[in-house]
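Read off the chains here:
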Amino acid sequence: MGRLGWIDAPRDSLAQWGALLRFAEEARREGLARIVVCGMGGSSLAPQVLAGSFGIDFLTVLDSTDPAAVLGVQRAADLDRTLFIVSSKSGTTVETLAFYHYFAAQAEARQFAAITDPGSPLEALARERRFRQVFPHPVDVGGRYAALTVVGMLPAALMGIDGRVLLERTVSVDAATEMGFGEDLAGGARAGCDKLVLRPPPPIGSLADWIEQLVAESSAKEGRGIIPVVNEPAGYLGADVQLAADFSPDPLDLGVEFVRWQYRTWGLCRVLCVNPFDQPDVEAAKALARAELAEGQGGREEPIPTLRPDELRRAARPGDYLAILAYLPPHADVAARLQDVRAAWGRALGCATTLGFGPRYLHSTGQLHKGGPNKGLFLVLTADDAEDAPVPEMGITFGGLKRAQARGDIRALLARRRRVAHVHLSRPEDVGQLA
C-alpha cells in the first residue's frame, strides 16, 4: 500500500519542532512579519485550517491562479517584509511554481523557503536561487496526509502556535477505533448513504475543507467513494446522508482531528477496496489542462459543447449531488453569491450540494468528480478577468492558466461521461443571477 509515514509524523515533528522554532525566530528578527504559503491541496489546506482556527491574520494561503487573488496578495501591505513558503511535494506543481516566479521578480531570495521532496525540481530551483532554506517533505507521506509534517508545522511555528502541545495530544488517538469508524462510513456508503455532511464547530469550522480533500481524493476511485458536503446552505439532511459532528472545539486538538480522520479514511478505503494514497484522475485532468494551455497560446481555443443550465437540472436523478465549480475570484462577496446559487439549486433539485473554487478544487474534490460515483451535476462557472498578470519566466499569464485549467477539467469530466453545464459570465459579480 505504501506511504504510511503519516503514522509517525507527530513523533517526527516533535523531534523537529525546536529547529522550526529557531527558523521562525530568525525570520521574525529580520523583520519578516507576514507569511504567504504558496501551495495547492495538501500543501495549503492544513496551514489554512490552523490560521483560521487560531485567528491568525498575518498568514495568507495563496492557492488560486485567479489574477485577482494573486494581485490581492501582491498589493497587500509589507511585500518587502513577507516570507513566502513555496510548498509542493512533487516540486512540479504548475500553480505553485507560477506563484514563485511571480513573486521572485519582486522579492529577495532570503524571503523564500521551500518544502518539497528531496531531489525534486523545486529543490534544485531553490538551491540555485539561494532560498533562505529548503525543508525536505517526507517522501513516505502523501501530500494530503502531510498536515502534521513540516507542511503544517512550519507555518504553525511561524504563527506562534504551540505545536508541541498540538502534537503531543495525538497520542490519545486509538487507531483501531478510528479505523472502525471509517469502516462504518464505508458500510453506510454501500447502503446508499454516500453523502458525508461535515459540521465541525467554531472556531475549527475550516477543518471541514481539509477533511473534504482527504476523504474525496482518497476514497473516490473506480466509481466508488463517499461525497463530502461542506457548508451546505440549505441544511440538506436527506436519507442518503451520514453526519459527522463529533469534533473537539479546541484548536489545540486539531492534531488529534487530523490523525483521527487519516485513520478513518484508511478504514473507509480498505472496505471500499480502493487505494487511499493515489489520485489517478487528478493527474489526467492536469494533462488535459497542459494541452489546453498550449492550444490557448496558439490562439486555437474552440468552444466545448456542454449542457445548458436548464438541461443540467432536467438531467438530475435521485441520489445525485450538485457541484458548483467556480473559476472566479475566491473573495468573500463572490462566495456569498455562490452560496445563494447553491441554496437555490439545492432546494429546487432536492439534493446535496458542494462548492469548489477552481483551480484549488482540482487538487481536492477533482478526483471525486471524475473517479467517484457518477452522481454529480457539474455547473462550471467562468468569467472575464478585469485584470490579468503575466508570469515571469513561464511565458503564460495567470488568467490564461486558469482558463486552461477550467477547459481541461470540463474535457476530463466529459471524457468520464459526467453531466456538465458551463456558464461564462461578463463579471464574477453576475453569478447571483443563476440563483
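The structure this text deals with has already been given above.
None of the values given here were measured: they were computed from a predicted structure.

(A) Layout of the overall build of the protein chain. Summing up its helical and strand segments, the protein chain has 15 helices and 14 strands in all. Since a compact globule built from 435 residues should have a radius of gyration of about 22 Å, the 21 Å found for the protein chain is in line with a globular shape. In terms of its C-alpha atoms, the protein chain occupies a principal-axis envelope of roughly 60 × 55 × 35 Å. Sorting the 435 residues of the protein chain into buried and exposed places 58% on the buried side. Of the contacts formed within the protein chain by residues at least 6 apart in sequence, a portion of 83% connects residues at least 24 apart.

(B) Inspection of the environment of R308 at higher detail. If you trace the backbone, R308 turns up in the loop between helix 11 (280-297) and helix 12 (309-314). Overall, R308 belongs to the partly exposed group, its relative accessible area being 45%. Residues R308 and A291, 17 residues apart in the sequence, show an inter-C-alpha distance of 25 Å. Filtering out sequence-adjacent residues up to four positions away, R308 remains in contact with R314 and A421. At a separation of 3.1 Å, a polar atom in the side chain of R308 contacts the side chain of D310.

(C) Looking closely at the side chain of D240. With respect to the helices, strands and loops of the structure, D240 is situated in the loop between strand 7 (227-230) and strand 8 (241-244). There is a polar contact of 2.9 Å between the side chain of D240 and the side chain of K195. Beyond its immediate chain neighbours, meaning those up to four positions away, D240 contacts G192, C193, D194, K195 and G319.

(D) Inspection of the sheet that holds strand 3 (residues 82-87) at higher detail. Read across the open sheet, the five strands follow the order 2-1-3-4-5; overall the sheet is parallel. Pairing within the sheet leaves two strands with one partner each, and these edge strands are strand 2 (59-62) and strand 5 (133-136). The average undirected angle you get between the axes of adjacent strands in this sheet is 20°. Note that strand 1 (residues 34-38) and strand 3 share five bridges and pair parallel.

(E) Seen up close, the packing of aromatic side chains. Under the defined criterion, the tally for this structure stands at 19 aromatic pairs. Aromatic pair W6 and Y263: ring centres 5.0 Å apart, planes at 70°, arrangement edge-to-face. Placement of W6 in the segment before helix 1 (9-29) and of Y263 in helix 10 (residues 254-272) is noted, with a sequence separation of 257 residues between them. For the ring pair Y100 and F112, a centre distance of 5.2 Å and an interplane angle of 80° mean the geometry is edge-to-face. Residue Y100 is found in helix 4 (residues 94-104), and its partner F112 is found in strand 4 (residues 112-116); the two are separated by 12 residues along the sequence. F112 gets classed as buried once you look at its relative accessible area, which sits at 2%. Connected via pairs of aromatic rings, a cluster forms that spans F84, F99, Y100, Y102, F103, F112, F131 and F398.

(F) Summary view of the pairing of strand 6 (residues 195-198). Taking every second residue as pointing to the same face, both faces of strand 6 are buried, with K195 and V197 on one and L196 and L198 on the other. The pairing of strand 6 with strand 7 spans four bridges and is classified as parallel. Across the sheet, L196 pairs through a bridge with P228, a residue of strand 7.

(G) The sheet that holds strand 14 (residues 419-425), seen in detail. Strand order in the open sheet formed by four strands is 10-9-11-14, with parallel pairing between adjacent strands. What marks the edges here is a single partner per strand, and that holds for strand 10 (352-357) and strand 14. Averaged over all pairs of adjacent strands, the angle between strand axes in this sheet comes to 15°, irrespective of strand direction. Bridge analysis of strand 9 (residues 321-327) against strand 10 gives six bridges, and the strand direction is parallel. From the neighbouring strand, A323 faces strand 10, where its bridge partner is T354. The sheet contacts of helix 13 (residues 332-349) involve strand 9, strand 10 and strand 11 (376-383), and relative to strand 10 the element is tilted by about 155°.

(H) Just the packing of helix 2 (residues 45-53) against helix 9 (residues 207-219), in detail. Direction vectors running N to C along helix 2 and helix 9 enclose 160°, while the axes themselves pass 8 Å from each other. Judged by the angle between their axes, helix 2 and helix 9 are roughly antiparallel. Read as a crossing pair, helix 2 and helix 9 show a hand that is left-handed. In this structure, helix 2 uses L45, A46 and V49 to contact helix 9, whose residues at the interface are L207, D209, W210 and Q213.

(I) Up close: the pairing of strand 2. Relative to strand 2, strand 1 runs parallel, the two sharing four bridges. For V36, the partnering residue across the bridge sits in strand 2 and is T60. For the crossover from strand 1 across helix 2 to strand 2, the handedness is right-handed.

Cut-offs used in this document
- Residues numbered from 1 in each chain as written.
- Predicted model: local features only at pLDDT ≥ 70, side-chain atom pairs only at ≥ 80, totals over all residues.
- Heavy atoms only, no water.
- Helix = DSSP H or I, 4+ residues; strand = E, 2+ residues; numbered from the N terminus.
- Rg over C-alpha atoms; globule rule 2.2 N^0.38 Å.
- Buried < 20%, exposed > 50% of the residue type's maximum accessible area, 1.4 Å probe, protein only.
- Contact = heavy atoms within 4.5 Å.
- Polar contact = N/O pair within 3.5 Å; in protein donor to acceptor, adjacent residues only side chain to side chain.
- Pairing = 2+ DSSP bridges.
- Axes fitted to C-alpha atoms, helices over the stretch in contact; angles between N-to-C directions.
- Phe/Tyr/Trp six-rings, centres within 6.5 Å; stacked < 30°, edge-to-face > 60°.
- Parallel < 35°, antiparallel > 145°, perpendicular 65-115°, else oblique.
- Left-handed = near helix turned anticlockwise from the far one by under 90°.
- Right-handed = clockwise from strand over helix to strand, strands pointing away.

The analysis is restricted to geometry; functional conclusions fall outside its scope.
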